[in-house]
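Take a look at the letters that make up each chain.
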Amino acid sequence: MTSSINNSLIRDINLAPQGKLKLDWVKAHMPLLNTIEEQFKKEQPFKGLKVTICLHLEAKTGYLAQVIQAGGAEVAVCGSNPLSTQDDVVAALVESGITAYAWYNVTDEEYHMHINKALDFRPNAIIDDGGDLVSILHSQRPEQTKEIIGGCEETTTGIIRLKALENEGKLQFPMMAVNDAYCKYLFDNRYGTGQSVWDGINRTTNLVVAGKTVVVVGYGWCGKGVAMRAKGLGAQVIVTEIDPIKAIEAYMDGFTVMPMIEAVKHGDFYVTVTGNRDVIADEHFDVMKDGAIMCNAGHFDIEVNKNDLAARAVSVREVRKNIDEYEMKDGRKLYLLAGGRLVNLAAGDGHPAEVMDLTFALQALSLKHVVQNSKSIGPKVQPVPSELDRYVAYLRLETLGLKIDKLTQKQEQYLSSWAE
Ligand SMILES: NC(=O)c1ccc[n+]([C@@H]2O[C@H](COP(=O)([O-])OP(=O)(O)OC[C@H]3O[C@@H](n4cnc5c(N)ncnc54)[C@H](O)[C@@H]3O)[C@@H](O)[C@H]2O)c1
């Protein structure tokens, strides 16, 4: 503990008691991680290893770091977003022996300094969220890639970056595509993002949603959840897409589909969740209704083009915590939440604990899988084995007290035969 306190760079260690309360609260709602923590204490799968974790540092991720530590690892953490770190949780982690390089509202320079410090820790395994650890290792610290046995990636954007690296033949160690497991995207991206985005918007704006028009930009796994919950809150929902199949899906789910240049005439709220850049940009701001509120739930703050917005503004001011008002030349006022960063994490507490229990059970078990099978997997983006995905689903059913049927022998035979 003394060394973690001495080596860490954090806001204030005195915040630890408050952070510990937050950790205790989520631990009481993450039964899968409780079970895995007990397994890891006995098995010690990470004994002798150093693990660097780059995630949104709040209580649920904090608990994941402690579970990896319980498995025998020395752990260092850094933030995966300038605005999602909770200083009290980080202080509690440091007090529990984890080395941390993170504080809320870092500058770009501090953000990269923290990631580099977490890599100076010389990890043998990593957990990444959005691909920054992997990107810096491969571009700026290539000699260090030899030391990495393997790692796990948390989110869609990170997987896209990893696959680009793999396709160029440059990926140097195995990375588990945790985001692509069923028990991740079906629940975390859809229900987690769906609920926590509206929690973030509602607590930040304190405005009514019912009767208003919400534009959901991107109908992927996150977008489906955001649109579903907007409908539940009583909004009229418009979806914009670039994929014809997703567009039909949105239409058949009961939503109005149109291009963004049309949607901007109608929206009161905008949620971008594409993983793409500039999905609200340029002339969109010229047509937007007075009072429109924009926010982003995709990984990076590039979905709403802030430069284009600022270039059209005669003034910008923070009118409420996490709400910037941009006054246009014609007097219209447009609002951007949390500086265009993930609204559910930068202006909220992230996904509900029970949802992250599934995701982080997968993370913990996938990390164990990759360190134990690194050689046979090789340097590639590896799907989470379906047995592991199903094991996590069964564990969740058990904690919910739900039972399901089993295939009979006859049914199993039937499903694996081709003859009549
Ligand atoms: N906020 C969170 O807590 C959270 C959680 C999980 C994932 N994410 C992030 O959210 C983003 C989306 O993740 P996902 O799992 O839904 O991805 P996804 O690939 O399932 O969906 C993205 C969708 O956006 C669409 N799209 C792309 N460009 C577009 C454009 N210009 N206009 C309209 N639609 C466009 C794509 O066709 C696709 O349907 C990623 O950056 C991911 O990392 C955030």
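Residues numbered from 1 in each chain as written. Predicted model: local features only at pLDDT ≥ 70, side-chain atom pairs only at ≥ 80, totals over all residues.

The protein goes by Adenosylhomocysteinase in an unreviewed UniProt entry, where it is assigned to Paenibacillus foliorum. Taken verbatim from the UniProt record of the protein, the Catalytic activity (unreviewed entry) comment is "S-adenosyl-L-homocysteine + H2O = L-homocysteine + adenosine". Among the UniProt annotations of the protein, the heading Sequence similarities (unreviewed entry) holds the following wording: "Belongs to the adenosylhomocysteinase family." (UniProt positions renumbered as here; feature names shortened; annotations may be inferred.)

Student: Quick rundown of the overall build of the protein? Include the residues and the values.
Tutor: Each helix and strand in the protein was counted, giving 18 helices and 15 strands. Taken against the 2.2 N^0.38 rule, which gives 22 Å for 420 residues, the C-alpha radius of gyration of the protein at 22 Å falls within 12% of a compact globule. Projecting the C-alpha coordinates of the protein onto the three principal axes gives extents of approximately 70 × 65 × 45 Å. Taking all 420 residues of the protein together, 51% fall into the buried category. (Helix = DSSP H or I, 4+ residues; strand = E, 2+ residues; numbered from the N terminus. Rg over C-alpha atoms; globule rule 2.2 N^0.38 Å. Buried ≥ 20, exposed ≤ 12 C-beta atoms within 10 Å, placed from the backbone.)

Student: Give me the domain arrangement of the protein: which residues, what numbers.
Tutor: Taken domain by domain, the protein consists of domain 1 (2–184 + 351–400) and domain 2 (193–346). Using only C-alpha atoms to locate each centre, domain 1 and domain 2 end up separated by 29 Å. Between domain 1 and domain 2, the residue contacts involve eleven residues of the former and twelve residues of the latter. Per-class residue counts for the side of domain 1 that touches domain 2 are three nonpolar, eight polar and no charged. (Domains from an automatic or database assignment. Contact = placed C-beta atoms within 7 Å. Nonpolar A, V, L, I, M, F, W, Y, C, P; charged D, E, K, R; others polar.)

Student: So what's going on with the packing of helix α2 (residues 16–27) against helix α4 (residues 59–70)? Residues and values would help.
Tutor: In the contact formed by α2 and α4, the axes pass within 9 Å of each other and the chain directions differ by 80 degrees. Judged by the angle between their axes, α2 and α4 are roughly perpendicular. Contact residues: K22, L23, W25, V26 and K27 in α2; A59, K60, G62 and Y63 in α4. (Axes fitted to C-alpha atoms, helices over the stretch in contact; angles between N-to-C directions. Parallel < 35°, antiparallel > 145°, perpendicular 65-115°, else oblique.)

Student: Go over the nonpolar core, please, and point to the residues and values.
Tutor: Ranked by internal contacts, the top residues of the largest apolar core, which has 78 residues, are L33, I68, V77, A361 and A364. Ranked by residues supplied to this core, first place goes to helix α16 (residues 353–377) with twelve residues. Those residues in contact with I68 that sit more than four places away from it in its chain are F46, V51, A73, V75, A364 and L367. Judged by nonpolar contacts, the second largest core, of 48 residues, contains A250, F269, I293 and A346. (Core = buried A, V, L, I, M, F, W, Y, C linked by C-beta atoms within 7 Å.)

Student: If you had to explain the packing of helix α6 (residues 108–120) against helix α7 (residues 132–140) to someone new, which residues and values would you point to?
Tutor: In the contact formed by α6 and α7, the axes pass within 11 Å of each other and the chain directions differ by 75 degrees. Here α6 is positioned roughly perpendicular relative to α7, judged by the angle of their axes. Listed contacts from α7 to I115, N116 and L119 of α6 are D132, L133, I136 and L137. Per-class residue counts for the contact of α6 with α7 are five nonpolar, one polar and one charged.

Student: So, the sheet that holds strand β12 (residues 313–320): which residues are in play, and what are the values?
Tutor: One open sheet holds the eight strands; their spatial order is β9-β8-β7-β10-β11-β14-β13-β12, and the pairing between them is mixed. Only two strands of the sheet have a single partner each, and these edge strands are β9 (256–257) and β12. Across two bridges, strand β11 (residues 293–296) lies against strand β14 (residues 333–337) in parallel orientation. Among the inter-strand pairings, I293 is bridged to a residue of β14, identified as Y335. (Pairing = 2+ DSSP bridges.)

Student: Quick one: what's the story with the UniProt feature "binding site: substrate" (unreviewed entry) in the protein, residue by residue and with numbers?
Tutor: When the UniProt feature table is mapped onto this chain, "binding site: substrate" (unreviewed entry) is found at D129, E154, K184 and D188. A compact arrangement is adopted by the annotated residues: their sequence extent is 60 residues, whereas the largest C-alpha distance between any two is 13.7 Å. In this view, D129 contacts C54, L55, H56, S80, E154, T155 and G158; residues no more than four positions away in its chain are not counted. With respect to the helices and strands, the residue K184 is situated in helix α9 (residues 182–205). Residue K184 is classed as buried on the basis of its 28 C-beta neighbours within 10 Å.

Student: Mind laying out the sheet that holds strand β2 (residues 74–79), listing which residues take part and the relevant values?
Tutor: Across the sheet, seven strands lie side by side as β3-β2-β1-β4-β5-β6-β15; this open sheet has parallel pairing. If you trace the sheet from one side to the other, it starts and ends with β3 (99–101) and β15 (381–383), each paired once. Taken over all neighbouring pairs, the strand axes of this sheet differ in orientation by 20 degrees on average, direction set aside. Its contacts with the sheet put α4 on β1 (50–55) and β2, and the angle it makes with β2 is roughly 160 degrees. Of the strands in this sheet, β1, β2 and β3 are in contact with α6, which crosses β2 at around 170 degrees.

Student: Tell me what's going on with the pairing of strand β4 (residues 125–128), and back it up with residues and numbers.
Tutor: On β4, burial covers both faces: A125 and I127 on one face and I126 and D128 on the other are all buried. Where β4 and strand β5 (residues 150–153) come together, four bridges link them in parallel fashion. By the bridge assignment for β5, I126 is matched with G151. Once you follow β4 into α7 and on to β5, the crossover reads as right-handed. (Right-handed = clockwise from strand over helix to strand, strands pointing away.)

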